[in-house]
Amino acid sequence: MTILIKNGSVVSAQGTIQADVLIDGERIAALLVPGDTSLGADLQAEADRVIDAFGKYVIPGGIDAHTHMELPFGGTFASDTFETGTRAAAWGGTTTILDFAVQRQGERVQDGLAAWHAKAAGNCHIDYGFHQIIGGVDDDSLKAMDELVDEGITSFKLFMAYPGVFYSDDGQILRAMQSAARSGSMVMMHAENGTAIDVLVAQALAEGKTDPKYHSLTRPWETEAEATNRAIMLARLTGAPLYIVHMSAKQAVSVLQSAKDDAWNVYGETCPQYLYLSLEDQLAQPGFEGAKWVCSTPLRAKAEEHQQELWRYLRTNDLSIVSTDHCPFCFKEQKELGLGDFSKIPNGIGSVEHRMDLIYQGVVDGQISLERWVEITSTTPARMFGLYPQKGVIAPGSDADIVIYNPSARTEIGLHKTHHMNMDHSAWEGFEIDGHVDTVIARGLVIVDDHEYLGVKGRGKYLKRGLSQYLI
Ligand SMILES: [Zn+2]
Ligand SMILES: [Zn+2]
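Cut-offs used in this document
Residues numbered from 1 in each chain as written. Chains lettered and ligands numbered in written order. Predicted model: local features only at pLDDT ≥ 70, side-chain atom pairs only at ≥ 80, totals over all residues. Heavy atoms only, no water. Donors = N, O, S within 2.8 Å, 3.2 Å for Na, K, Ca; no water. Axes fitted to C-alpha atoms, helices over the stretch in contact; angles between N-to-C directions. Helix = DSSP H or I, 4+ residues; strand = E, 2+ residues; numbered from the N terminus. Parallel < 35°, antiparallel > 145°, perpendicular 65-115°, else oblique. Left-handed = near helix turned anticlockwise from the far one by under 90°. Contact = heavy atoms within 4.5 Å. Salt bridge = Lys/Arg side-chain N within 4 Å of Asp/Glu carboxyl O. Buried < 20%, exposed > 50% of the residue type's maximum accessible area, 1.4 Å probe, protein only. Core = buried A, V, L, I, M, F, W, Y, C linked by side-chain atoms within 4.5 Å.

A. The arrangement of the coordination of the zinc ion (ligand 1) in detail. Within the protein, Lys157 (NZ), His190 (ND1) and His246 (NE2) serve as the donor atoms for the zinc ion (ligand 1), at 2.1 to 2.4 Å. All donors of the zinc ion (ligand 1) belong to a single chain; written as a sequence motif, their spacing is K-x32-H-x55-H.

And the structure:
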């Protein structure tokens, strides 16, 4: 099967060119500038299918480096399965996800990973890889970290938050970082001071402050900036590369920025919710409504002016990637677990379907360039997590993961508009995007075609990843 995408503007991190893209089977065979007849005078007649992308952007498929399908949390499970979550991702122009396999305290890392393989295998619509959460650092799990690198899991997430659940103390973090420094793998950090937060939460509840907004007020920016600084210093001490996930506080990114300025191997991501949503506009809505927007790190106060700074840090590459931290929970029976006690609201927002659109809106709004959009949503995630150039670029030999994006069409996000995630509400209800995912191709198969879904459950393959390509 050959597909020829004609007349489009092919966008990469480096620039935008007019070129036709020839797909042969599951891979990209060639990029042809207008007038290039080296592969034949009339490719159009020879291709099995021709797609006209005139006036549209042809971009590498999105890579969401941070998702939590079926994550057990707070007595329930994230409501998207690998099947529903990867299908929703595909609808939104994401063709690869990296999900977090979970090891809980007392469990063997290999058993946690095997459980994740079992959930994903045969269910994914798009390709997928795993990071490994290390929920209990001990001799066995440190040994497992080395072994997993050979299985294509080259990044390990630790938590400075959630004492008693996923939390690691500084000594444990130090040991895990020493292990990562030896193997060249990446430590990913949830950087919030969890023991301080737990005190603030208990005090708030004791004062009868139970509404969802207190989720943010008990996790102030200082707890993120402090933990970020501590994580960076421990990484510096051990020589481990460090990637800070879901950054929401400008002060935390400022700490990251100065470490990057000193050329340390530290990186950070943010998420769409921190660029667009806030304490005042969403989380602090009257009654229990705000529970929809409880996630950690939390949505922060608009008055503190984080959003403009996060966009700026994306422009300056102090933030390298936008991932979603997709962790959806339904309002009924899931978010409602926290009625009368905000600390029992499952933490998470569903965004896997909307990331490409939401960040494209940043291009329309003048926050980032078209090329930077592709870079932070696809190319850098591929390089950061050892998938480049198989993924993250439109180049001969790369997987034919391609999105044809229409800047002249619109996308209305919301439950009865654009919404394929397994949730009973949308955290993005009412958002409108000046662009639209018209066509999605995953490894050579057209899976979204002009509002029609053609993907197949189980076609997504497990991706064995290499080490981060940003490290020398
Ligand atoms: Zn986290
Ligand atoms: Zn997460």
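That shown, we press on.
B. Layout of the packing of helix 4 (residues 139-150) against helix 5 (residues 170-183). Running from N to C, helix 4 and helix 5 cross one another at 25°; their axes reach a closest spacing of 10 Å. Of the possible angle classes, the one that applies to helix 4 and helix 5 is roughly parallel. Note that helix 4 runs across helix 5; the crossing there is right-handed. Across the interface between the two elements, Asp139, Leu142, Met145, Asp146 and Val149 from helix 4 touch Arg175, Ala176, Ser179, Ala180 and Ser183 from helix 5.

C. Broad picture of unusual backbone geometry. The amide bond that connects Ser296 to the next residue, Thr297, takes the cis arrangement and shows omega of -5°. Mapped onto the elements of the fold, Thr297 is located in the loop between helix 11 (279-283) and helix 12 (307-315). Of note, the amide linkage connecting Tyr388 to Pro389 takes the cis form, showing an omega dihedral of 0°. Mapped onto the fold, Pro389 is located in the loop between helix 14 (370-384) and strand 16 (402-406). Of note, the phi angle at Asp325 is positive, near 55°, even though the residue is not glycine. Residue position: Asp325 is located in the loop between strand 15 (321-322) and helix 13 (355-364). Of note, the phi angle at Glu333 is positive, near 65°, even though the residue is not glycine. If you trace the backbone, Glu333 turns up in the loop between strand 15 and helix 13.

D. Spotlight on the pattern of salt bridges. Counted according to the given criterion, the structure contains 28 salt bridges. Two residues, Glu147 and Lys143, come together in a salt bridge whose shortest N-O distance is 3.8 Å. With Glu147 and Lys143 both in helix 4, this residue pair falls four residues apart, about one helical turn. Relative accessible area serves as the criterion here: at 56%, Lys143 is assigned to the exposed category. With a closest N to O distance of 2.8 Å, Arg230 and Glu226 form a salt bridge. One end of the pair, Arg230, and the other, Glu226, are both in helix 8 (residues 221-238), four residues apart, so they sit about a helical turn from each other. Note on Arg230: relative accessible area 19%, which makes it buried. For Glu226, a relative accessible area of 32% gives the class partly exposed.

E. The arrangement of the nonpolar core in detail. Judged by nonpolar contacts, the single largest core of 133 residues is most densely connected at Met177, Met189, Leu242, Tyr243 and Trp373. Once residues within four sequence positions are removed from consideration, Met189 is found in contact with Leu158, Phe159, Met160, Ile173, Met177, Ala231, Leu242, Tyr243, Ile244 and Val245. With 16 residues, the next largest nonpolar core counts Val21, Ile28, Ile51 and Val446 among its residues.

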